[in-house]
Every structure is written in structure tokens, then in C-alpha cells.
Amino acid sequence: MPVPDLFREGLGRGWKARDASRLDHDLSLETDIVIIGSGAGGATSAELLSAAGFKVLLIEEGPLKTSSDFHLLEDQAYANLYQEGIGRMSKDGAITILQGRAVGGTTLINWTSSFRTPEPTLQHWAREHGVKGLSSAELAPWFERMEQRLGIAPWLMPPNANNEVLKRGCAALDYSWKVIPRNVRGCWNLGYCGMGCPVNAKQSMLVTSIPATLEKGGELLYLARAERLLHDGERISGLQCLAMDDRCVNPTGRKIQVKARHYILAGGGINSPALLLRSDAPDPHERLGKRTFLHLVNFSAGLFKDKVNPFYGAPQSIYSDHFQWRDGVSGPIGYKLEVPPLHPALASTLLGSFGSENAMRMEQLPNTHVMLALLRDGFHPDSIGGEVQLRGDGSPVLDYQVSPYAWDGVRRAFHSMAEIQFAAGAEAVLPLHSDGRYVKTLGEARQMIDGLSLELFRTRLGSAHVMGGCAMGEDPRQAVCDSLGRHHQLANLSIHDGSLFPTSIGANPQLSVYGLSARLTDGLIERLGTGR
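Residues numbered from 1 in each chain as written. Predicted model: local features only at pLDDT ≥ 70, side-chain atom pairs only at ≥ 80, totals over all residues. Heavy atoms only, no water.

- By the naming in an unreviewed UniProt entry, the protein is NAD(P)-binding protein, taken from Pseudomonas alkylphenolica.
- UniProt lists a comment for the protein under the heading Sequence similarities (unreviewed entry), and it reads "Belongs to the GMC oxidoreductase family." (UniProt positions renumbered as here; feature names shortened; annotations may be inferred.)

Here's what the structure looks like:
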């Protein structure tokens, strides 16, 4: 029996959703609140504001794809649902950056891992970055509220074989490990979360907050690129958008003008700073786009005698923070250990090599396990992150230089991952590096890892978590926004997304964005008074 497409049923009932690619004329719209970006921050804010009686317009650059469009096919999903057709990279092309670009944002294609912001991170923000009112205790009610709203709870099923490797290896070494909370209800355990959930089990914004907004009379405009905020240096008077074609590649030539009482920016850690840069937003202390952080990720592959089938089952259900905080907040860079799912296209890129060697690695895919390390950048004077810049056509790019401080963490993470994979029973381990090769003992692995020349392009690097660029803090000389998400110079602009984070956070960020955005939106509702 086919699973009903609840979003399309809602459209059939009269939800207001407009496809900008189909416009045959320019458009002018007015609303109480316009929200740019439909991911974790934007959609959470939209639901709460529409419930409070405000007329809300939610704008998304990408297409509207719903459960009946999700066919578990990599070529379709990557082209349709990811920024730059999964081709977004750092400025030098050395780091692959995975972000969503569709209605629902990255929540549509993430792997469901949901963590509260770690307490050491929040303490560091208060102490070093002048953030107020965001301690663990102060945020707890909003985290609890969003966990209940989105079905976030530790995964109750046994881990798949892919995640079991991390659990088994950590247990053998007496390293700490825990079960990952996931935002799912009625999960079928398919393992294709990164391609859109075809059964609406993942509680993404597509099936939760966006429908709730539309049920309350909110409006959705998609395939519309927010191009420029119009302002006088103190207040925003309008928003200019470009209608995009149905592939979200080229503007159609149609323009959309939006006027609102208040503007919320929720485009994420690259797109939010970029819109402000394109808009010549006031930036008297040159903080905009600076200190943009990744959880830089490196990888280690292991071959096992028994089948791992890393493409099947809940993609992430076990993690280890054993190496995350043990040297303190500001010591050598810490890292969180998780595993990625490995579907063929992703695996062929990740495992690397060419010709017969690549063919052999793909033939071994059912027996291959890959572990990843999320490096926690931004807590040390030597880790200043990257900078969002604009290309000549106004599109954004992240200039991210990997510091010697971060390279040290990459090498230590290679050691940790190899040790855990061998402890879990791997017959051979391969650090994912151009000069890496499969070796059969931990001693060989240690010798090889110590000898690797860690440099861009030779080391396989990626990230799915972009944070910062519009950092919050009470001092305008150091921050773009205050601790309530209010832009320091533009009175009717708030930012509700991960670009507010003064550092990376050391955990998958979606729940941090949900909880923070809910708290900031409640405060905004109080300040604005009642809606229409």
C-alpha cells in the first residue's frame, strides 16, 4: 500500500504555496514577517509566528520536493536537494560541503542525528564571546519542547552493522560511546535519509513545521532566490528576490519584491552572511562573514570479513565523544566520532583511487566500514575558521584555510579511528588519503599515518555542518547580532540559524538550531506584540 504524500494532500486542501519558476510576471508581496530559508531555523520560526497570529511568508531558494518525489536514487537526490547539486566546495575546492537546498533545507537530507548544544560550548560562548542567556539550563525548556515536537529520542533499535563497528571497537578499548538521538517517528530503517525520506518518518521541517505554518494561513514561495535587502542603514524597507528556473540554476528574469514588518534571515552559515554582503548591510567592525566554522571531517575505512552493508539501516545511531573534551575546551582540537552511510556514488568518491583499484574498492563495498571524525574548530586562538566571500556573480563561497592546529587533529583522529576499527575486528584499515593504503596491523597503520603528508587535496576532507559568519554576542565590535538574534545595526532584522554560533559546537547542529530558534522566536513574538 503506497504511503500517502501528506504535503501534496495539504496543497490539494488549499495551502498557499507558490512556485516562482512558473511566474509569467513580476510580483509584489506584503506580509507581517518574511523568513528567508525554510530549514531548521526558518521553519521553526515560521511555525511559532504563524501560531501567534502573524502573517508569515516563508521563502526558499530550492525546489519543493515531497515524499512521492523521493526514489532513493543518488543522482536525483543530489541534483535536486543539495546546494550546487552537491558540488558546493570551499573556495580552493579542497573541502566538499554538504548542505540542503529545497523546501525543508538541510533537515530534508540530513542523517537525523540530534544533539543538544554541549554545555562546554555554551560556557565558552558566555565566557569568551559575550553571549548572554543561553546556558544549558536556560535553553533546556526549548530543547525539551523541540524534542517532543520532532520525536527526538535515542534510537531504540539495535545499531546496524555499520554503527555496531564503532560501538564494538569503543567497548573493546574502554572508550566511551552512546546511542544517538534521532528525529524520527515510525522509521522504516531504510538507510536513505540523505536522499529524502519516502515514508515521512524523518521529522524534517517538510513534514512538521512547514505544514503547521501553512495550516495557519502562512505562505510558501519556493524557487525564489533572496538577492538583496533594501535598507537605509538602520531599517530594512524591502527584499528583492529572483525567480529561478525549475532546476534552480538560472534566474527566469522575473523579480519578486517583498515588504514586511520584520525580516528573519535563516539561510544557514554560508547563505545568510552572503545575502547581507550582497545587500551592503552595515558592518562597521568588519565581522560579517568572518569566523565561519566547519566541523572539518576526515575519514578512515576498514575491511571486515563479515558483511557490513553500510548502505542499509539507520545511518547514524552510535557516537563517541571520548576524544571531544578530554583536553579541555581550548586545548588540542577535539573530535566526535560517528559513521556515515555509504551508498555507491558517495562511496566511490569517498574511497577514492582510479581504475582497477577503485573498482576493487567498490566491489568490497558490502564489507567496508567508514568512520568519520567531526573536528571541533573555533575554540582556540589558532583556529579562526573561514570567511564567506562573494564571487563575481554574487554567489557565495567559503574561503576556509586548514590551520596547523586543525591538521594536528586530523592526524590524531586518523590514529583513533584506525585503533577502534582494528579493535572491532577489521582485517585491514585505510586512512582516506591519496597516499594511504590498506594495512593489516595497527602498528603498520600508526607508522603510515605518522608519515602521511597532511595537505589539501591529498587528504579527503568534507563537512556537512557550517556555523558562524553572523556571530552573536553583546558587543557589536565582535558580533553581528546580539544574544536575542537581533542584528546590531538593522532594527527590523533577526537571524535565526546556525550562522549565529560564535564557534562550531562539537555536535551535529540541527537540534541546536531548533532549540535556539524557538527561544529567539518566542522573544521576538513578545517584542512585536500580537499578530494580525
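### Quick word on the overall build of the protein
At step 1: Looking only at helices and strands, the protein has 13 helices and 21 strands in total.
At step 2: For 532 residues, the compact-globule estimate of 2.2 N^0.38 gives 24 Å, and the protein sits close to it at 22 Å.
At step 3: Structurally, the protein occupies a C-alpha span of about 65 × 55 × 45 Å along its principal axes.
At step 4: Burial analysis of the protein (532 residues in total) assigns 60% to the buried set. (Helix = DSSP H or I, 4+ residues; strand = E, 2+ residues; numbered from the N terminus. Rg over C-alpha atoms; globule rule 2.2 N^0.38 Å. Buried < 20%, exposed > 50% of the residue type's maximum accessible area, 1.4 Å probe, protein only.)

### Describing the side chain of glutamate 147
At step 1: The topology assignment puts glutamate 147 in helix α5 (residues 136–149).
At step 2: A distance of 2.8 Å separates the side chain of glutamate 147 from the side chain of arginine 116, its partner in a polar contact.
At step 3: Excluding residues that lie within four positions of it along the chain, glutamate 147 makes contacts with Arg116, Ile152 and Leu511. (Polar contact = N/O pair within 3.5 Å; in protein donor to acceptor, adjacent residues only side chain to side chain. Contact = heavy atoms within 4.5 Å.)

### Some points on the UniProt feature "domain: Glucose-methanol-choline oxidoreductase C-terminal" (unreviewed entry) in the protein
At step 1: Mapped onto this structure's residue numbering, the UniProt feature "domain: Glucose-methanol-choline oxidoreductase C-terminal" (unreviewed entry) falls at residues 386–516.
At step 2: Here residues 386–516 runs as 28% helix and 16% strand, with 23 Å between its end C-alpha atoms.

### Some details on the pairing of strand β2 (residues 27–36)
At step 1: For β2, the buried fraction is high: eight of the ten residues fall into the buried class.
At step 2: As paired elements, β2 and strand β11 (residues 251–265) share nine bridges and run parallel to each other. Looking at β11, one finds that serine 28 is bridged to glutamine 257.
At step 3: The sheet contact formed by β2 and strand β3 (residues 56–60) spans four bridges and is parallel. The partner of isoleucine 36 across the bridge, within β3, is isoleucine 59.
At step 4: Where the polypeptide runs from β2 across helix α2 (residues 40–51) and back to β3, its parallel neighbour, the crossover connection is right-handed. (Pairing = 2+ DSSP bridges. Right-handed = clockwise from strand over helix to strand, strands pointing away.)

### Quick look at the UniProt feature "domain: Glucose-methanol-choline oxidoreductase N-terminal" (unreviewed entry) in the protein
At step 1: Taking the UniProt record as the reference, the feature "domain: Glucose-methanol-choline oxidoreductase N-terminal" (unreviewed entry) is found at residues 78–297.
At step 2: Between the C-alpha atoms that bound residues 78–297 there is a distance of 20 Å. The span itself is 27% helix and 24% strand.

### Some thoughts on the pattern of salt bridges
At step 1: This structure, assessed with the given rule, holds 19 salt bridges.
At step 2: Put simply, arginine 145 and aspartate 522 hold a salt bridge, and the shortest N to O gap is 2.6 Å. With arginine 145 in helix α5 and aspartate 522 in helix α13 (residues 510–528), this pair connects stretches of sequence that are 377 residues apart.
At step 3: In this structure arginine 145 comes out as partly exposed when scored by relative accessible area, which is 34%.
At step 4: Ionic pairing is found between arginine 228 and aspartate 280, a salt bridge with its closest N-O pair at 3.0 Å. Within this pair, whereas arginine 228 is found in strand β9 (residues 224–231), its partner aspartate 280 is found in the loop between α8 (268–278) and β12 (292–303), the two being separated by 52 residues in sequence. (Salt bridge = Lys/Arg side-chain N within 4 Å of Asp/Glu carboxyl O.)

### Remarks on unusual backbone geometry
At step 1: Even without a glycine there, the phi angle at glutamate 286 is positive, about 55°.
At step 2: Backbone geometry places arginine 291, a non-glycine residue, at a positive phi of 50°.
At step 3: Inspection of the secondary structure assignment puts arginine 291 in the loop between α8 and β12.

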